[in-house]
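In case you want the letters, here they are:
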Amino acid sequence: MKVLITGGAGFIGSNFTEYMLKKYKNYRLTVFDAMTYASNPETINKFRKNKNFKFIKGDICDFKAVMNAVKGQDMIVHFAAESHVDRSISGPEAFIETNVKGTFNMLEAARLCGVKKFLHISTDEVYGSIKKGKSKEGDILDPTSPYSSSKASADLIALSYYKTFGLPVVITRSSNNFGPYQHPEKFMPLFITRAIECEQLPLYGDGKNVRNWIYVEDNCSGLDIVLHKGKNGEIYNVGGDVEEPNIKVAKCIVDALSRDMGLIKFVKDRLAHDRRYALNSSKLKKLGWKPKYKFEAAIGLTIQWYANNDKWWMGLKGKKFSKYYRSNYGKK
Ligand SMILES: NC(=O)c1ccc[n+]([C@@H]2O[C@H](COP(=O)([O-])OP(=O)(O)OC[C@H]3O[C@@H](n4cnc5c(N)ncnc54)[C@H](O)[C@@H]3O)[C@@H](O)[C@H]2O)c1
């Protein structure tokens, strides 16, 4: 089986590539990634010695490059995206370009090349903020940010390719992932890496925004099931069992690293910050999925990974990152 993984040098894509290389020894995996600021060459260097792994540097917005990569592939797992909500507020255009036009290019190439499965990776953010209950796959889409709106748009285009052309599309919408290889601009690695360095932890608003956390390996096992057993044209939520407010996650990190709670600093809230996401994942559980990791244990593993791999994340925190950080959270 030949599988093309877009965005495989990013956070979830690289964890998924690792998961698949370990589990399916006879699959041939090709990562197609533009290596934007969100990627790190070190993340995929470890795969290079595996004879079943190939890397192509390419942009999903470049249709010719996409066609060359898609030719001869059996399945596509499409992670590549601009993924940071804050950046979609300060610069939305790249999100429309990559997440909407780029996804269209992937679908169109898959259709022309007769790909047998197209797994499109989406997010719980497309449902928007919900006060109570849990979002189900049939719920209306009510995205808030340019990021979540671009992802919702891509979901609809992907479904249209199933309905109109019969392209075998399946979609997953996962909740907030955490684990190794996540860029330090994102909430959990930002707080872990800054707490390691005894720097202030900028917490948006009152810190009571609730997220449904999932350890990245549990998401990968869900994606594996959907890729192999998911019904074409269907959407599957992949949510962790735990809902926690950001303030609790922040305190947990400070506590685990034996730092002072005074490091937590409340900062001006993100524009239109969604209050709560929660997913009902019973549809995927019916296919046999069961998350393996408990939140407390998984956050411990995650903190340990960043503590042991400072070379990986320090390289990503250069001058450009400091500029980005100041523009979002004020001075250091
Ligand atoms: N991180 C989460 O908690 C989460 C939750 C739900 C869904 N998702 C979705 O999962 C997918 C992966 O998220 P992530 O957190 O791993 O993102 P990430 O930002 O860590 O990685 C994205 C990867 O895509 C690549 N990329 C970006 N633009 C590209 C382009 N034009 N062409 C080719 N490659 C390009 C980047 O270089 C990077 O390697 C995204 O589609 C995201 O919307 C993420």
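Think of each chain on its own: its residues are numbered from 1, step by step along the sequence as written. Selection of residues for local features in this predicted model requires a pLDDT of at least 70, selection of side-chain atom pairs for listing and counting requires 80 or more, and totals for whole chains, interfaces and linings are taken over all residues. Side-chain metrics rest on all non-hydrogen atoms present in the structure, leaving aside hydrogens and water.

(A) Local environment of the site of the ligand. Nearness of a residue to a molecule or strand requires only that one of the residue's heavy atoms be within 4 Å of it. Among the 29 residues in the neighbourhood of the ligand, the closest are listed as D33, D59, S83, Y147 and K151. Pairs of N or O atoms are called polar contacts if they sit within 3.5 Å, as long as, within protein, a hydrogen donor faces a hydrogen acceptor (for residues adjacent in sequence, only side-chain-to-side-chain pairs). Residue F79 places a main-chain N or O atom 2.8 Å away from an oxygen atom belonging to the ligand. Measuring from an oxygen atom of the ligand, one finds a side-chain N or O atom of K151 at 2.6 Å. Note on areas: these come from Shrake-Rupley sampling with a 1.4 Å probe, and a residue is covered only by the protein chains present in the view. Burial of the ligand by the protein chains amounts to 96% of its free accessible area of 840 Å². Numbering of helices and strands runs from the N terminus, with a helix taken as a DSSP run of H or I at least four residues long and a strand as a DSSP run of E at least two residues long. Breaking the shell around the ligand down by element, the ones donating at least two residues are α1 (11-23), β5 (117-123) and α6 (146-165). When residues of the shell around the ligand are assigned to their parent elements, the largest contribution, three residues, is made by β5. A per-class count over the shell around the ligand returns twelve nonpolar, 14 polar and three charged. Under the scheme applied here, ten amino acids are nonpolar (Ala, Val, Leu, Ile, Met, Phe, Trp, Tyr, Cys and Pro), four are charged (Asp, Glu, Lys and Arg), and all others, including Gly, are polar.

(B) Just the domain arrangement of the protein, in detail. When cut into domains, the protein gives domain 1 (2-175 + 216-238) and domain 2 (178-211 + 241-271 + 293-329). By convention here, the domain bounds are inherited from an automatic or database domain assignment. For domain 1 and domain 2, the distance between their C-alpha centres works out to 25 Å. Only heavy atoms enter the contact rule, under which two residues are in contact if any of them lie within 4.5 Å. Residue-level contacts link 22 residues of domain 1 with 19 residues of domain 2. Here the buried area means the combined drop in accessible surface, using a 1.4 Å probe, for two parts upon being joined, counting both sides. When the two sides are added together, the surface that domain 1 and domain 2 hide from each other amounts to roughly 1,700 Å², 47% of it contributed by carbon and sulfur. Summed over the three residues of domain 1 that lose the most area to domain 2, namely F11, H84 and D86, the buried surface amounts to 30% of that side. Throughout this description, the term salt bridge denotes a Lys or Arg side-chain nitrogen within 4 Å of a carboxyl oxygen of Asp or Glu. Seen at the junction of domain 1 and domain 2, the total is two salt bridges. A salt bridge links E185 to R87, with the shortest nitrogen-to-oxygen separation between them at 2.7 Å. Where domain 1 packs against domain 2, one counts 13 residue pairs in polar contact (both at pLDDT 80 or more). Residue assignment for the side of domain 1 that touches domain 2 shows that the elements contributing at least two residues are α1, α2 (41-45), α4 (85-90) and α8 (216-229).

(C) Looking closely at α8. To estimate how far a helix should extend, the number of its residues minus one is multiplied by 1.5 Å. Here α8 is 14 residues long and its end C-alpha atoms lie 20 Å apart, about the 20 Å a rise of 1.5 Å per residue gives. Buried means the residue's accessible area, taken with a 1.4 Å probe over protein chains only, is under 20% of the maximum for its type, while exposed means over 50%, and partly exposed covers the values in between. The element α8 is largely enclosed, with a buried count of eleven among its 14 residues. If you check which residues of α8 are buried, you get V216, D218, N219, C220, S221, G222, L223, D224, I225, V226 and L227.

(D) Here's a closer look at the packing of aromatic side chains. Planes of paired rings set the category: under 30 degrees apart is stacked, over 60 is edge-to-face and the rest tilted, where pairs are Phe, Tyr or Trp rings (Trp by its six-membered ring) whose centres lie within 6.5 Å. Scanning the entire structure with this criterion turns up 19 aromatic pairs. Centroid distance F178 to F295: 5.5 Å. Interplanar angle 70°. Geometry classified as edge-to-face. With F178 in strand β7 (residues 177-178) and F295 in helix α11 (residues 295-308), the pair connects residues that are 117 residues apart, well separated along the chain. Overall, F178 belongs to the buried group, its relative accessible area being 1%. Ring-pair connections join several aromatic residues into one group, and the members of that group are F178, F187, F191, W213, Y215, Y293 and F295.

(E) Up close: helix α5 (residues 93-113). Taking 1.5 Å as the rise per residue, α5 with 21 residues should run 30 Å; its terminal C-alpha atoms sit 29 Å apart, in good agreement. All of the buried residues along α5 are F95, T98, N99, V100, G102, T103, N105, M106, L107, E108, A109 and A110. Once α5 finishes, G114 follows within two positions and takes phi at roughly 70°, a positive value.

(F) Local environment of the environment of F178. Between the C-alpha atom of F178 and that of G58, which follows or precedes it by 120 residues, the distance is 26 Å. Here F178 is in contact with F11, M188, W213, I214, Y215, V216, F295, A298, I299 and T302, once residues within four sequence places are set aside.

(G) Fine view of the sheet that holds strand β6 (residues 169-174). At least two bridges found by DSSP between two strands is the condition for calling them paired. Judged by pairing direction, the sheet is parallel, and its seven strands sit side by side in the order β3-β2-β1-β4-β5-β6-β10 without closing on themselves. Two strands close off the open sheet at either side, each with one partner strand: β3 (53-57) and β10 (235-238). Taking each pair of neighbouring strands and ignoring which way they run, the sheet shows an average axis angle of 20°. In terms of strand pairing, β6 meets β10 through four bridges, oriented parallel. Note that in β10 the partner of S174 across the bridge is V238. Each of β1 (2-6), β2 (28-33), β3 and β4 (75-78) touches α1; the most contacted strand, β2, lies at about 170° to it. To get an axis, fit a line to the C-alpha atoms, keeping to the stretch in contact for a helix; angles then go from 0 to 180 degrees between the N-to-C directions.

(H) Highlighting the pattern of salt bridges. All chains considered together, the criterion is met by 14 salt bridges. D224 is the salt-bridge partner of K23, the closest N and O atoms lying 2.7 Å from each other. Separated by 201 residues along the polypeptide, K23 in helix α1 and D224 in helix α8 bring together distant segments of the chain. One salt bridge connects K285 with D241, and the closest N-O pair in it is separated by 3.3 Å.

(I) Focus on a negative patch on the surface. Surface patches are defined over residues having more than 30% relative accessible area and no salt bridge, joining like charges when they lie within 9 Å and nonpolar side chains (Val, Leu, Ile, Met, Phe, Trp, Tyr) when within 5 Å. Counting rule for charge: Lys and Arg are taken as positive, Asp and Glu as negative, and neither His nor the chain ends is counted. Here the site of a charge means NZ on Lys, CZ on Arg, CG on Asp, or CD on Glu. A cluster of acidic side chains, namely D59, D62, E93 and E97, defines a negative patch on the protein surface. Mapped onto the elements of the fold, D59 is located in the loop between β3 and α3 (63-70). Residue classification places D59 among the partly exposed residues on the basis of a relative accessible area of 35%.

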